[in-house]
Amino acid sequence: MKSKSLTAAALLCALSASAQDGDIVATSAYRWHGDTITQGPFFATAPGEYEIISTYSAEPGFGFPIEKQWKLKNDISAYPQLSTPNTLHTAIYNMGLDEMVNAVEPDTTLRTGKEWAGVWTRDVSYSILLSMAYLQPEASKISLMKKVNPNGVIIQDTGSGGAWPVSSDRMVWALAAYEIYKVTGDRQWLEYIYPIITKSIADDELTVASENGLTKGETSFIDWREQSHPRWMQTADIYRSETLSTSIVHTQAVRIAADIARRLGKKKDAEQYSARADKMAKGINTQLWMPEKGYYAMYKYGRINPIVNPRAETLGESLAILYDIATPERADSITQNNPTTPFGTAIFYPQIADMPPYHNNSLWPWVGAYWAMANAKAANEEGTLEAIGAVFRPAALFATNKENFVLDNGDIATELNSSNMLWCLAGNLAITHKILFGIHFEPDGLAFAPFVPKNLAAERSLTGFKYRDAVLNITVKGYGSKIKTFTLNGKEHKPYVPADIKGVNDIVITMADDTPAPKTVNRRPNAKAPLTPIAWLENSPALDGPGVPANNLLRWNPIEYIGGYIVLRDGKPVARTRQTSFNATAPGEYQVIGVAGDGTESFASEPRCNYPAVSVQMPGEVGQMSSPEISYMPATPVEGFHGAGFRELDQTSAPVTVAFDTADGGTYAISLRYANGNGPVNTENKCAIRTLSLDKKRLGIVVMPQRGTANWNDWGESNTIIAEIAPGKHIITLDFRPENTNMNIDTNHAIVDEIILRKVK
């Protein structure tokens with residue numbers, strides 16, 4: 001059944017013929033017309049349903065291989081077969097199935113990508129949510145089971161600062177696990193996943209949940225810290241940030257816990273989880289929605305006074321729509337305001353100017369698939385078309401499902417890349433199944449809600465679609481967002497198939513050929529934000545006076561071609577200026593934002609404080625560490641500590657208690673000065689975590705991420721905890737509790753030399 005390769009002349013004829021067809025998608029960067037996608041001098045076409053040929057040439061000197069041709073290698077007959085008049089669409093779909101077969105390992109797990117061996121929690125979970133739950137249910141289950149640790153909680157993969165809780169999106173596992181239940185209806189699976197989900201939620205509630213309903217930790221999947229944060233942000237600062245996508249993942253996980261609890265007869269638990277999920281959704285909507293931009297902020301960041309990073313973040317915006325965090329009105333606004341470049345929507349927008357492409361300045365097709373589904377749900381026809389095109393363009397031109405692409409030129413010259421990428425092929429397949437055929441899995445049945453843009457009007461069929469004990473042959477005719485008729489085995493039926501259906505069934509969906517209300521696409525050229533200012537506080541005797549702090553002058557470096565600067569005190573604007581200094585005579589936490597002539601803002605500079613501060617020194621042994629946790633480093637010398645010494649913290653050490661006396665009551669920001677040399681800053685899983693109490697009252701979690709392998713002389717600050725402290729004598733306690741167990745389990749170790757208290761009110 002495989003098509004024979006075309007000769008060069010025949011290929012040109014095919015291109016010429018397809019060029020006569022109307023454009024399906026056309027931007028200033030590329031065109032999808034007929035069975036061909038054209039980008040500048042390059043094109044890709046499908047001579048048949050099992051072959052794609054491309055003439056694309058990558059950036060000169062780029063090391064990753066470029067596929068010029070895809071031809072079917074595996075038997076895909078066991079999977080749903082697509083028939084559509086557009087041969088290129090069919091070929092892209094078949095390539096997704098072909099590469100999916102490649103991704104199933106001999107141990108029946110799902111390989112992350114050609115260059116990425118093994119199972120990664122977020123990668124496999126998002127892939128399962130997109131399409132692997134129903135195309136590879138057994139491999140999906142086995143893969144998820146490998147991402148549960150001996151304590152029965154979900155594993156956060158190694159990452160920034162020692163993984164969890166700096167990275168905290170592991171709860172996407174819960175979404176994927178429940179998707180498998182919706183596909184299979186397997187109650188034993190439901191009973192297996194419920195305690196894993198609830199135990200993980202319990203640890204996260206104590207460790208990464210903010211009082212405002214948001215979730216602390218890194219933006220979901222964007223796990224190279226310098227790729228999405230200002231350079232000054234340490235991993236402890238990333239833990240303190242509160243992100244859109246990760247907050248939505250946690251909210252949906254808690255909703256799922258409520259639904260499972262109801263199904264298992266745990267009514268009280270269901271009510272508690274539902275109430276908590278509602279609070280979390282409210283937090284997202286009140287803390288991150290930006291009415292002036294018409295979409296959600298990417299994250300809140302800072303130290304004592306967090307501010308929003310006003311960038312749009314496409315995965316988070318998509319999840320807000322798909323999981324009903326956004327109202328229908330906000331969903332419309334998001335699809336019409338999230339910036340869309342000629343190659344598609346960025347991972348986030350605008351870009352960081354001095355950072356190479358990977359998460360920054362890039363498009364990832366699986367995120368593009370989520371964006372396409374979100375646009376379809378919001379009935380944004382133009383947005384859906386361009387989102388589909390942004391996924392199909394690279395699949396065709398690179399003849400594989402690559403991981404990511406440079407947003408400036410659509411090339412693959414990013415920091416890392418891979419062919420046969422699991423979540424990208426899963427997104428490719430989801431576009432056909434979940435948008436054009438409108439297949440949606442629910443716990444008790446299968447719902448249908450196709451969304452077919454007019455440019456994709458056709459009669460399509462999907463044969464051999466397996467659902468529990470049934471096989472469905474599905475045909476969709478026409479275009480539009482509304483169903484005119486739905487028949488099941490020749491009889492009128494509501495667009496829903498019950499879970500107990502059996503045997504072979506024929507479904508025919510005739511669309512109403514309606515045109516949804518016109519909605520726009522915010523087409524924008526790719527843009528880069530100004531560089532982040534570097535600011536500092538110094539003393540100016542000319543500004544001295546009663547109540548004026550010692551460091552009373554804020555200065556910062558000039559940024560070239562800048563329009564001006566915004567000065568923040570305690571997270572709020574206090575000045576707009578074109579100067580590079582500001583009188584910081586009021587105690588506070590100061591930052592500077594650079595603003596380009598078009599209004600694009602830089603990141604805020606590192607916070608600089610001239611609050612009154614008290615340092616509480618740690619009594620301890622000076623000169624070396626003796627913990628058996630680091631027995632591989634004999635008698636490690638330590639330098640750079642403050643005071644007489646430091647205290648060494650491990651899981652077996654007694655709680656640390658430190659007494660102090662303050663004459664001034666008020667609101668204080670409490671942090672620890674620490675070192676953690678148990679691993680590199682960008683990977684592994686040995687983040688140290690402790691519970692901090694004041695006068696035996698639990699205040700919260702302090703996180704001490706890794707700062708470099710064997711680097712015990714690199715001292716940093718933990719996250720801050722805000723607390724009311726009355727005048728008088730007090731005791732601060734640091735102790736290790738079960739919920740402080742990190743992903744390594746065995747090594748949870750750091751040294752601390754002082755506690756810093758800054759009076760902020």
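Since we're looking at a predicted model, the values are computed, not measured.

About the criteria used
- What you see as residue numbers is a count from 1 along each chain, following the sequence as written.
- Local features in this predicted model are restricted to residues whose pLDDT is 70 or higher, and side-chain atom pairs enter the listing and the counts only when it is 80 or higher, whereas totals over whole chains, interfaces and linings include all residues.
- Side-chain metrics in this entry use all non-hydrogen atoms of the structure; hydrogen atoms and water are not considered.
- Helix and strand assignments come from DSSP, with helices taken as H or I runs of at least 4 residues and strands as E runs of at least 2, each series counted from the N terminus.
- Computation of the radius of gyration draws on C-alpha atoms, with the globule rule given as 2.2 Å multiplied by the number of residues to the power 0.38.
- Partly exposed residues are those whose accessible area sits between 20% and 50% of the maximum for their type, while under 20% is buried and over 50% is exposed, using a 1.4 Å probe and protein chains only.
- Note on contacts: a residue pair is in contact if any heavy atoms of the two residues lie within 4.5 Å.
- Method for areas: the Shrake-Rupley scheme with a 1.4 Å probe, in which residue coverage is limited to the protein chains shown.
- Counted as positive: Lys and Arg. Counted as negative: Asp and Glu. His and the chain ends are not counted at all.
- Charged side chains are reduced to one point each, which is NZ for Lys, CZ for Arg, CG for Asp and CD for Glu.
- In this analysis, axes come from line fits to C-alpha atoms, helices being fitted only over the stretch in contact, and the angle between any two N-to-C directions falls in the range 0 to 180 degrees.
- If an angle is under 35 degrees, it is roughly parallel; if it is over 145, roughly antiparallel; if it lies from 65 to 115, roughly perpendicular; otherwise it is oblique.
- Definitions for this section: a left-handed crossing has its near helix turned counterclockwise from the far helix by less than a right angle. A right-handed crossing has that turn clockwise.
- Note that Gly is not counted as nonpolar here; it falls among the polar residues with everything else outside the nonpolar set of Ala, Val, Leu, Ile, Met, Phe, Trp, Tyr, Cys and Pro and the charged set of Asp, Glu, Lys and Arg.
- Here a strand pair is declared whenever DSSP counts at least two bridges between the two strands.
- We define a nonpolar core as any set of buried Ala, Val, Leu, Ile, Met, Phe, Trp, Tyr and Cys residues linked to one another through side-chain atoms lying within 4.5 Å.
- We define a salt bridge as a side-chain nitrogen of Lys or Arg found within 4 Å of a carboxyl oxygen belonging to Asp or Glu.
- Each residue after the first adds 1.5 Å to the expected span of a helix.
- One axis fitted to the seven residues ending at a residue, another fitted to the seven starting there: the angle between these axes is the bend at that residue.
- Pairs of N or O atoms within 3.5 Å make up the polar contacts considered here, provided that, within protein, one atom can donate a hydrogen while the other can accept it, and that residues adjacent in sequence are counted only when both atoms are side-chain atoms.

Asker: Can you tell me about the overall build of the chain, naming the residues and giving the values?
Answerer: For the chain, the count of helices and strands is 15 helices and 44 strands. Against the globule reference of 27 Å for 761 residues, the chain gives a C-alpha radius of gyration of 28 Å, in line with a compact fold. Projecting the C-alpha coordinates of the chain onto the three principal axes gives extents of approximately 80 × 60 × 50 Å. Buried residues in the chain amount to 61% of all 761 residues. Contacts in the chain between residues at least 24 apart in sequence constitute 71% of all its contacts with a sequence separation of at least 6. Taken as a whole, the chain presents about 27,700 Å² of accessible surface, with 52% of it coming from carbon and sulfur. Taken as two groups, the 71 positive and 81 negative side-chain charges of the chain have centres that lie 3 Å from each other.

Asker: Which residues make up the packing of helix α3 (residues 121-135) against helix α13 (residues 365-377), and what are the values?
Answerer: Each packed pair of helices is defined by two parameters, the angle between the axes and the distance between the axes. Interhelical geometry of α3 versus α13 gives an angle of 45° and a closest axis separation of 11 Å. For the element pair α3 / α13, the angle class is oblique. The two elements α3 and α13 cross, and the hand of that crossing is left-handed. For the pair α3 and α13, the contacting residues are Tyr126, Leu129 and Leu130 in the first and Trp366, Ala369, Tyr370 and Met373 in the second. Of the residues belonging to the contact of α3 with α13, the class tally is seven nonpolar, no polar and no charged.

Asker: Describe in detail unusual backbone geometry, supporting the description with residues and values.
Answerer: Here Trp164 and Pro165 are connected by a cis peptide whose omega angle stands at 10°. Tracing the sequence through the fold places Pro165 in the loop between α4 (137-145) and α5 (172-184). Residue Tyr349 is joined to Pro350 through a cis peptide bond whose omega torsion reads 0°. Looking at the secondary structure, you find Pro350 in the loop between β14 (348-349) and β15 (351-352). In this structure, Ala163 is a non-glycine residue whose phi angle is positive, near 65°. When you line up the elements, Ala163 lands in the loop between α4 and α5.

Asker: Could you give an account of the sheet that holds strand β12 (residues 307-309), with specific residues and numbers?
Answerer: Here three strands make up an open sheet; going across it, the order is β8-β11-β12 and the pairing antiparallel. Each edge of the sheet is formed by a strand with only one pairing partner; in this case those strands are β8 (242-243) and β12. The pairing of β8 with strand β11 (residues 299-301) spans two bridges and is classified as antiparallel. Residue pairing in the sheet places Thr243 in a bridge with Tyr299 of β11.

Asker: Kindly report on the sheet that holds strand β25 (residues 503-511), identifying the contributing residues and their values.
Answerer: What the six strands build is an open sheet, ordered β7-β20-β21-β25-β22-β23; its pairing is mixed. Of all strands in the sheet, those with a lone pairing partner are β7 (81-83) and β23 (491-492), marking the two edges. Summarising the sheet, β7 and strand β20 (residues 458-467) pair through three bridges and their orientation is antiparallel. Across the sheet, Leu82 pairs through a bridge with Leu462, a residue of β20.

Asker: Run through the nonpolar core, naming residues and quoting values.
Answerer: Membership of the largest hydrophobic core comes to 186 residues, with the highest contact counts inside it found for Tyr126, Met132, Tyr296, Trp366, Phe448, Leu472 and Ile474. Not counting the four nearest positions on each side in its chain, Phe448 is found in contact with Phe437, Gly438, Ile439, Leu472, Ile474, Ile483, Phe486, Pro495, Tyr496, Val497, Ile507 and Ile509. Ala688, Leu694, Ala750 and Val752 belong to the second-largest nonpolar core, a separate cluster that totals 24 residues.

Asker: Describe the pattern of salt bridges, and please don't skip the residues or the numbers.
Answerer: Summed over the entire model, instances satisfying the criterion amount to 30 salt bridges. The salt bridge partner of Arg111 is Glu105, with a shortest N-O separation of 3.1 Å. On the basis of relative accessible area, Glu105 is assigned to the partly exposed category, the value being 21%. Put simply, Asp237, Arg303, Glu606 and Arg608 are held in one network by salt bridges that share partners.

Asker: Provide a residue-level description of α3, including the pertinent values.
Answerer: Here α3 contains 15 residues, and its C-alpha end-to-end distance of 18 Å is more than 12% below the 21 Å for a straight helix at 1.5 Å per residue. In α3, a bend of some 75° at Leu129 exceeds every other bend along the element. The buried fraction of α3 is high, at 15 of 15 residues.

Asker: Lay out the side chain of Glu313 with the relevant residues and their values.
Answerer: Following the sequence through the fold, Glu313 ends up in strand β13 (residues 312-313). One polar contact links the side chain of Glu313 to the main-chain amide nitrogen of Leu315, over a distance of 3.2 Å.

Asker: Break down the packing of helix α2 (residues 87-103) against helix α15 (residues 422-436) for me, citing the residues and quoting the values.
Answerer: Taken N-terminus to C-terminus, the directions of α2 and α15 make an angle of 135°; their axes are 9 Å apart at the nearest point. With respect to α15, the axis of α2 lies oblique. Of the two possible hands of crossing, α2 and α15 adopt the one that is left-handed. Contacts between α2 and α15 pair His89, Ile92, Tyr93, Gly96, Leu97, Glu99, Met100 and Ala103 from the former with Leu422, Leu425, Asn428, Leu429, Thr432, His433 and Leu436 from the latter. Partitioned by chemical class, the residues of the contact of α2 with α15 number nine nonpolar, five polar and one charged.

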